[in-house]
2 protein chains.
Amino acid sequence: MPASLTDGQLNSHKQQLGAALEKADLDLVSILINADIAVGDIAHLLETTPHKHRLTLWDFVADALQGEVLTHLNEDIQQSFLARMSAEEIVETTHDIDNDDLADLLQQMPEGRSSRVLQLLAPEERSQVEGLLAYPEDTAGGLMTTDMVTVRGDVTVAAVLRYLRKISLPDALDRLWVTNRQFHYQGSLALTVLLTAKPSSLVSDIMNTDIKGIRAGEDEEQVARLFERQDLVSAPVINDDGIVIGRITIDDVVDVISDSAAHNMMSMAGLDEENDTYSPIVKSSQDRAVWLGINMATAFIAALVMSQFEASIAQIVALAVLSPVVASMGGIAGSQTLTLMIRGMATGHIGQSNLTWLVLRELGVGLINGSLWAIVIGVITFFWYHQVSLSLVIAAAILVNICIAVLSGTVLPFFLKAANIDPALSGSVILTTLTDVFGFLTFLGLATLFLL
Amino acid sequence: MPASLTDGQLNSHKQQLGAALEKADLDLVSILINADIAVGDIAHLLETTPHKHRLTLWDFVADALQGEVLTHLNEDIQQSFLARMSAEEIVETTHDIDNDDLADLLQQMPEGRSSRVLQLLAPEERSQVEGLLAYPEDTAGGLMTTDMVTVRGDVTVAAVLRYLRKISLPDALDRLWVTNRQFHYQGSLALTVLLTAKPSSLVSDIMNTDIKGIRAGEDEEQVARLFERQDLVSAPVINDDGIVIGRITIDDVVDVISDSAAHNMMSMAGLDEENDTYSPIVKSSQDRAVWLGINMATAFIAALVMSQFEASIAQIVALAVLSPVVASMGGIAGSQTLTLMIRGMATGHIGQSNLTWLVLRELGVGLINGSLWAIVIGVITFFWYHQVSLSLVIAAAILVNICIAVLSGTVLPFFLKAANIDPALSGSVILTTLTDVFGFLTFLGLATLFLL
């Protein structure tokens, strides 16, 4: 594993590479990409290379490294590369990567291909990988590697040390799993303890029993929170019988953490976190077109509501000017609440259990801020149009709309989650529709009632 | 370190605790919070307890655990607890936490207090903590702990093992740092290697030189990316002379990663990621009021633009109904681009170097989607109002506004970054102002020119 570059070095490297690719100076490209840099950096360089040059660059990556590099790429790009390889090439390329990474790659391929790849694997490896494929990608089982070291509790430290010298140790190994004769998980033995323990002492006497086995079916986000709360570097995965079947390491958990955080942020703009910034223009346009279409629909719904009041607007044009203000204040108040809820759900701080409490709390916040900005906006409106009645109407509309916004912002994500819809993805659209519709309804409705 | 609870157990525990606090059944509260659970879980329970009960709960946390629990709490809450303690109590409470965590706590206190706390520390610890305080919180130096093990390259494995038995090893230790006689960083020695190496072999012969020392001044986000790209568990920190001064461990990096991702998401809604979901209503209202105020200002700017066209609107009310559609389409297109840029900057995928390329690319995406939705919206408008001219005007406005939106979405974050303004925080406001203003200007402007 060569040294990783600092961001600075990586950027200058990136620019030289970009220039070389533009000039089609392939010798230089080959030198730059095969310069002694870490696979993570090579992956980064590929990800930041415009689509049209990417395949050229990929072909220059040393065959010995391609497997490891693949595992560091985002899914979009992994697929584009894998699609060009034959099953044989895939096996050849990936022979040296962890079997959990291989399982992840296979999970993205069409059924037919992945099974062809599996058939080409050595029997033992195939059964391991097939075992991993049995678990959904987003569970502890999907996250784990079978690359672990287990020892029995009734042996001595000396015996363990002899054993370790015989086998090849997986990287990032910080603890061994201790089992009984039936391979049931008993506890873990930290290397730091092993290093300083008396050779004669029994494993079961010095093992740590605080790190509990994680069930293979556990959701990956729960696993990530467990690692965060307990500052784990690795954790054992057990099946329903309590038998140790694998090991989850922090590097995979880090990916889960950054992906899920990115997912929430990107989803709120209708984007996919695996989205490839350097994909061709047409593909990006398609990726974003759908979201624009959905939002157009909601905008027209709001427009339809507004059009019901054309008669009023024709008489008081100020209504047309002020309606967007009412709608947008609701939108902001709502999206703030929605963001807090989505974040709270991700960190496990917010759950069904405290929904009622949250609703009351947010309603309180809504009433305070609603009243505050109702007054401010009412006053501004008065100094602008010199109509007390108009000011009162907009103030009322602001208060109502902000309260509706925070309430829907609080309840919506729970409904969506219950319906198995991703709140981060659809929440913001539904919310803005609500705040626009109710904003126009309350403001124009009240205006029609009291001002005409 | 007791076992950490699964999310399920944690939630049921949370509910029992909430009930007990409501009923003021303090015996039960004390039993529940002192049940044998991990400090990370205790911190989680405190964070998810409504403000008014939090201090009660805190007082029931065993004194021996309070220090560790403090380090797991979010800053808002840390401060609220620390504010109630005397310097003596703080020293007493935090005597068993890592000195980097202590430094983080001190960094949040008013000058006077932190210095009083420092004076109460044992000379050696004080100098260590003061050393750490010298580095800004968001640098490698601010992230590191001085709790590390260094060995010389010219000693044997046997000597190292003897040495390790004499000292107490820091937790999550996976590698020792190897230095020369002048303490210059030379490389690292993995415990896995140490365990299986011949006792007679020299450290310098078996050490790994791929993990380079991280300069203390390095930005924490760059450190995080380095850990991610190279799947590190710990890394050495060096000063400008190349002397090893500390060690960064993955658990601190994980916090950086989830914080920075959360920061971007929360900032885009004008929220602080350290925001305490369970803080009192009034505080939350204040936290969010500012953002609502700023957005009100932008909404009124847009309204002011619209009001310039009151005469046109009075004649064609349809303009009032359709203007928000034009503005919102721009808003969506812009926020998608902005989100991609902010995310790309965070992952280091996007930088000054490829700005021109990005602008052209986004402009392409804007033209494609702009034309597409211009046509769709033009057609819808025609079937709604049966006016070809009106349809053409709105189509043109949509195309122009979407292009303006993607362009500003691309360039804005770079300008803000150059001006040391957080793009995630102010980007979305500025962007919506632009898309609203230009949306109204183009649509109402063109309408006034061609339809009246």
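Computed from a predicted model, the values in this text were never measured in an experiment.

1. Describing the sheet that holds strand S6 (residues 244–249) of chain B
All names here are of chain B.
Line of reasoning, step 1. Spatially, three strands are ordered S4-S5-S6 in an open sheet, and the strand pairing comes out mixed. Each end of this open sheet is capped by a strand with a single partner; those strands are strand S4 (214–215) and S6.
Line of reasoning, step 2. Both S4 and strand S5 (residues 234–238) contribute to a ladder of two bridges, which runs parallel. Looking at the pairing, Arg215 lines up with Ile238 of S5.

2. A look at the UniProt feature "transmembrane region" (unreviewed entry) in chain A
Residue and element names in this part refer to chain A.
Line of reasoning, step 1. Sequence positions flagged by UniProt for "transmembrane region" (unreviewed entry) are, in local numbering, residues 289–307, 313–342, 363–385, 391–416 and 428–451.
Line of reasoning, step 2. Secondary structure over residues 391–416 splits into 100% helix and 0% strand, and the C-alpha atoms at its two ends are 36 Å apart.
Line of reasoning, step 3. Helix makes up 100% of residues 428–451 and strand 0%. Its end C-alpha atoms lie 33 Å apart.

3. Examining the domain arrangement of chain A
All names here are of chain A.
Line of reasoning, step 1. Taken as a whole, chain A is organised into domain 1 (7–143), domain 2 (150–267) and domain 3 (281–451).
Line of reasoning, step 2. Of note, the centres of domain 2 and domain 3, computed from C-alpha atoms alone, are 48 Å apart.
Line of reasoning, step 3. Listed as interface residues are four residues of domain 2 and, on the opposing side, nine residues of domain 3.
Line of reasoning, step 4. Interface of domain 2 and domain 3: buried area, both sides summed, is about 490 Å²; carbon and sulfur atoms make up 46% of it.

4. Some thoughts on the sheet that holds strand S4 (residues 214–215) of chain A
Line of reasoning, step 1. The strand order across the open sheet built from three strands is S4-S5-S6 (chain A), with neighbouring strands paired in mixed fashion. Lying at the two open borders of the sheet, with one neighbouring strand each, are S4 and strand S6 (244–249) of chain A.

5. A closer look at unusual backbone geometry
Line of reasoning, step 1. For Ala24 of chain B, which is not glycine, the phi dihedral falls at a positive 55°.
Line of reasoning, step 2. The residue Ala24 of chain B is located in the loop between helix H1 (7–22) and helix H2 (26–33) in this model.

6. What to know about the interface of chain A and chain B
Accessible area lost upon the coming together of the parts serves often as the stated size of an interface.
Line of reasoning, step 1. Contacts between the two partners involve 122 residues from chain A, matched on the other side by 123 residues from chain B.
Line of reasoning, step 2. The junction of chain A with chain B conceals about 10900 Å² of combined surface from both sides, 68% of it contributed by carbon and sulfur atoms.
Line of reasoning, step 3. A salt bridge links Arg229 of chain A to Asp41 of chain B; its shortest N-O distance comes to 2.4 Å.
Line of reasoning, step 4. For the pair chain A and chain B, the interface holds 24 residue pairs in polar contact (both at pLDDT 80 or more).
Line of reasoning, step 5. Broken down by class, the residue content of the side of chain A that touches chain B amounts to 67 nonpolar, 35 polar and 20 charged.

Parameters and conventions
Residues numbered from 1 in each chain as written. Chains lettered and ligands numbered in written order. Predicted model: local features only at pLDDT ≥ 70, side-chain atom pairs only at ≥ 80, totals over all residues. Heavy atoms only, no water. Pairing = 2+ DSSP bridges. Helix = DSSP H or I, 4+ residues; strand = E, 2+ residues; numbered from the N terminus. UniProt positions renumbered as here; feature names shortened; annotations may be inferred. Domains from an automatic or database assignment. Contact = heavy atoms within 4.5 Å. Buried area = accessible area lost by both parts, 1.4 Å probe. Salt bridge = Lys/Arg side-chain N within 4 Å of Asp/Glu carboxyl O. Polar contact = N/O pair within 3.5 Å; in protein donor to acceptor, adjacent residues only side chain to side chain. Nonpolar A, V, L, I, M, F, W, Y, C, P; charged D, E, K, R; others polar.

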